[in-house]
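# Examination of the molecular architecture
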Amino acid sequence: MLLFFTLGLLIHFVFFASIFDIYFTSPLVHGMTPQFTPLPPPARRLVLFVADGLRADTLYELDENGTSRAPFIRNIIMHEGSWGISHTRVPTESRPGHVALIAGFYEDVSAVAKGWKENPVEFDSLFNESKYTWSWGSPDILPMFAKGASGDHVYTYSYDAKREDFGAQDATKLDTWVFDNVKDFFRHARNNQSLFSKINEEKIVFFLHLLGIDTNGHAHRPSSRDYKDNIKKVDDGVKEIVSMFNHFYGNDGKTTFIFTSDHGMTDWGSHGAGHPSETLTPLVTWGAGINYPQRVSADIAPLMTSLIGVPFPLNSVGILPVDYLNNTDLFKAESMFTNAVQILEQFKVKMTQKKEVTLPFLFTPFKLLSDSKQFNILRKARSYIKHRKFDEVVSLCKELIHLALKGLSYYHTYDRFFLGINVVIGFVGWISYASLLIIKSHSNLIKGVSKEVKKPSHLLPCSFVAIGILVAFFLLIQACPWTYYVYGLLPVPIWYAVLREFQVVQDLVTSLLTYPLSHFVGYLLVFTLGIEVLVLSFFYRYMLTAGLTAFAVWPFLTRLWTRAKVTSLSWAFFSVLLAVFPLMPVVGRKPDISLVMGAGLLVLLLSLCVVTSLMKRKDSFRKEELLVHLLQVLSTVLSMYVVYSTQSSLLRKQGLPLMNQVISWATLASSLFVPLLSSPAVFQRLFSILLSLMSTYLLLSTGYEAVFPLVLSCLMFVWINIEQETLQQSGVCCKQKLTSIQFSYNTDITQFRQLYLDDIRRAFFLVFFLVTAFFGTGNIASINSFDLASVYCFLTVFSPFMMGALMMWKILIPFVLVMCAFEAVQLTTQLSSKRIVWVCGRHHVLNILFPLLIPLRQLLACTAWLFIYISASPNRLWIPSDPELDLNLLHAIRACISHYVIVMSMTIFLVFLNGLAQLLTTKKLRLCGKPKSHFM
């Protein structure tokens, strides 16, 4: 069994990692030759302003008085330059946005593992191709382009990371710092001959990264006065910088200015997903080489490259917007031709790489862009240039670029079908084997079927050994990466194990044939309906409401209503109450601290009632336990104070008080061991866990979600009682009082029973409650559902990993409450956790039953849907072609991948959560004296 547990965990990690290895591999290729336009460029220098987090609508719209928030930029739009809307891609984060702007491609998502701060794969950029680049701004953005540059010609000037404080008095100081330092830099250059000569060279870039708007948006929302005033400050700063450049260079007309943003922001102050408010950003260009006012779309990296005459970034997949250029038709045609050749070079390298590692008879080239067609298009384009047919050149080069981009996508996803099929085969095999093992070991389903045990044949293992050798040899001669061996060979031993249990399959079929057909079909329909509700809940939160409403009705359709009216009514009431939450807006969009305070008061009221009730039973309630409960009540009061005090301080722009920060971290640290001081009696221990975790949850709440764990816990308590009633109704055991049942780790497992049909329902309830805990207050499959305001009681200085860890713990707290309640359900129904959930401990090793089948069924359905979308769409993740092509399909693919990751994470986390739940429910510590443990 220990081997089975280890193998199962390993397989799940492999399947979990497969989604990143198959779909999130880097699209970059290396080995191309730099390409640049042979004609002289219109500009000697480029100034790039990036207003981080600036929404297009907020910049372009007029304020309530009918005037522009950015009068200087608006004057540029009206009289001097070209403007439009730039489209970013998911994930709408700062690093991917800047990589798209400056390097011309969509970021490798593996950079998320490094907090969007480091380069997982080296890439070329405009800064690298320039003669010199000077940049000012955030320490999170600037270093990545300096580290990726060849040589030491990219200079960065950053403020201290501690300045990025969401609770700071004035976030516009981040932008003021940039503007002031640029001015100081040019003043210093007048007295430094070496620097003066450098900034008078050609092909140089000045990059100003302005983070204040993004910081104010996170802290105060884009609709706030702070956010809009910051836009005015940026507009004033840009005006001063432009004036300074014109004065410094004597109005030589050789400076190009570009003002844009890396991403937008939702109304609730977050970004990361694909909402239009996040993906639509402003683009304003003026100066040397730029056409007069017009509205067009643009890829910015090739535009900047063409303006100052440096080679196109080697990894750029952007298309030059020739309509922006104010230059000769010859220059536009030559620039477009260079752009096409640069992208075609990437296609050739990608094709060569794939051809070298594929057997000749298996290699299928991209037929739309054969070698002969490449040659013909390039020859025809050169002929058009010679005959001055420049419009035809531009059209022909655009056609070549689109074909090359499709070819890049084709070769980037060349092995995806093969790898996906192997993963699906492995999934189906693993689900089959786990199911057969449980049926064989932990159910009575095939106990009555007696068959002769046949002696195993040597043909089966020999056949699978031969298959494994053939697969390995096939991968070896193609020089495949080691991960291909994992995905290709893993299904072989899994399906060998399945076929070894063929006798169990025969016995199972024989047993099922003895059941009445109507009963079998009825159970199958109910089971299928339940699974579909779970699957749909990943896409539509209101499906959780439908499921919880059905739960509320369930007792009234059985004999439970006649046996336990109060319990049935309580179950219906809390089920309906919990069903309200999925219908409410996603958490964080409408923060309301009064709801957090109200949740705290409800916890205090509940604590008073419970402590009063327990004190009446003097035989089971000691002073030590009373002290623990009073300590937890005090912790709740402190949490309420910290939430209110922190909110008030941030509104006054006085930052996070140090004392509040200390109390918050102390509350978090104590929340996991204070419950261990309480009595191991089921009710008292569960209530103690609720109080401790609620104190932390209040600190991480911004609105109605603060009430969610309280309602969920009430329903969990009723679930424990109602499962006792159902077990007594079926005659399996007699009902015990919860006050007389204690959590104990070393329970005598001989008291536990075999699995029955009703245990499938219990398992389904568990999975449904886990999914409800996950999606009940939001859809975290979308990155923008994370509200940074949730962690302001702990820290306000930007720290992606620390903030992410705190928000993840907030997500897991309802999980822990459900798993602790399920520990009680197992105990009160005499059902071993060995037969329900994966558990790793001294007495509990791996076994798997129906709770895992449902997530895996969701996972399989999600994966199958993903394969359908991927195979049906010519567009691929992270490889741009037409930004409008199948946009809804792309969102569906990404959503499907997110749900896959969530389901797999839930499956793996189930091990951790069950272990944590056992620790919280069974361990006993004392305030003084020798600690006492319920472990053996």
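In case you missed it, the structure is sitting above this.
Quick look at the structure, then. (Residues numbered from 1 in each chain as written. Predicted model: local features only at pLDDT ≥ 70, side-chain atom pairs only at ≥ 80, totals over all residues. Heavy atoms only, no water.)

## Observations concerning the overall build of the protein chain
Along the protein chain, the regular secondary structure elements total 33 helices and seven strands. Looking at the protein chain as a whole, 58% of its 936 residues are labelled buried. Looking at the protein chain alone, contacts between residues at least 24 apart form 79% of all its contacts between residues at least 6 apart. As presented, the protein chain carries roughly 38800 Å² of accessible surface, and 63% of it is formed by carbon and sulfur atoms. (Helix = DSSP H or I, 4+ residues; strand = E, 2+ residues; numbered from the N terminus. Buried < 20%, exposed > 50% of the residue type's maximum accessible area, 1.4 Å probe, protein only. Contact = heavy atoms within 4.5 Å. Areas by Shrake-Rupley, 256 points an atom, 1.4 Å probe, with all protein chains shown as cover.)

## Examining the packing of aromatic side chains
As enumerated under the stated definition, the model contains 57 aromatic pairs in all. Ring geometry for W571 versus F769: centroids 6.3 Å apart, planes at 75 degrees, classification edge-to-face. Of the two residues, W571 is situated in helix α24 (residues 565-579) and F769 in helix α30 (residues 758-775); the sequence distance between them amounts to 198 residues. Lying across the ring of F337, R382 places its NZ or CZ 4.4 Å from the centre. A cation over a ring is seen here: K810 above Y697, with NZ or CZ 6.0 Å from the ring centre. (Phe/Tyr/Trp six-rings, centres within 6.5 Å; stacked < 30°, edge-to-face > 60°. Lys NZ or Arg CZ within 6 Å of the ring centre and 35° of its normal.)

## What about the pairing of strand β5 (residues 204-210)?
Working note: regular strand, side chains alternate between the two faces of the sheet. Of all seven residues that make up β5, seven are buried, and the element is covered over most of its length. Residues I204, F206, L208 and L210 of β5 are buried on one face, and the alternating residues V205, F207 and H209, pointing to the opposite face, are buried as well. Pairing between strand β1 (residues 45-51) and β5: seven bridges, direction parallel. For R45, the partnering residue across the bridge sits in β5 and is I204. Here strand β3 (residues 132-137) pairs with β5 via five bridges, running parallel. Counterpart to Y132 in the pairing with β5 is I204. (Pairing = 2+ DSSP bridges.)

## Some words on the sheet that holds strand β6 (residues 255-260)
Within a sheet, neighbouring strands are paired by backbone hydrogen bonds and run either parallel or antiparallel to one another. Spatial strand order, β2-β7-β6-β1-β5-β3-β4: seven strands in an open sheet with mixed pairing. What marks the edges here is a single partner per strand, and that holds for β2 (82-87) and β4 (154-158). This sheet shows a mean twist of 15 degrees between the axes of neighbouring strands, independent of strand direction. Relative to β4, β3 is paired through five bridges, and the arrangement is parallel. Bridging across to β4, S135 finds its partner in T156. (Axes fitted to C-alpha atoms, helices over the stretch in contact; angles between N-to-C directions.)

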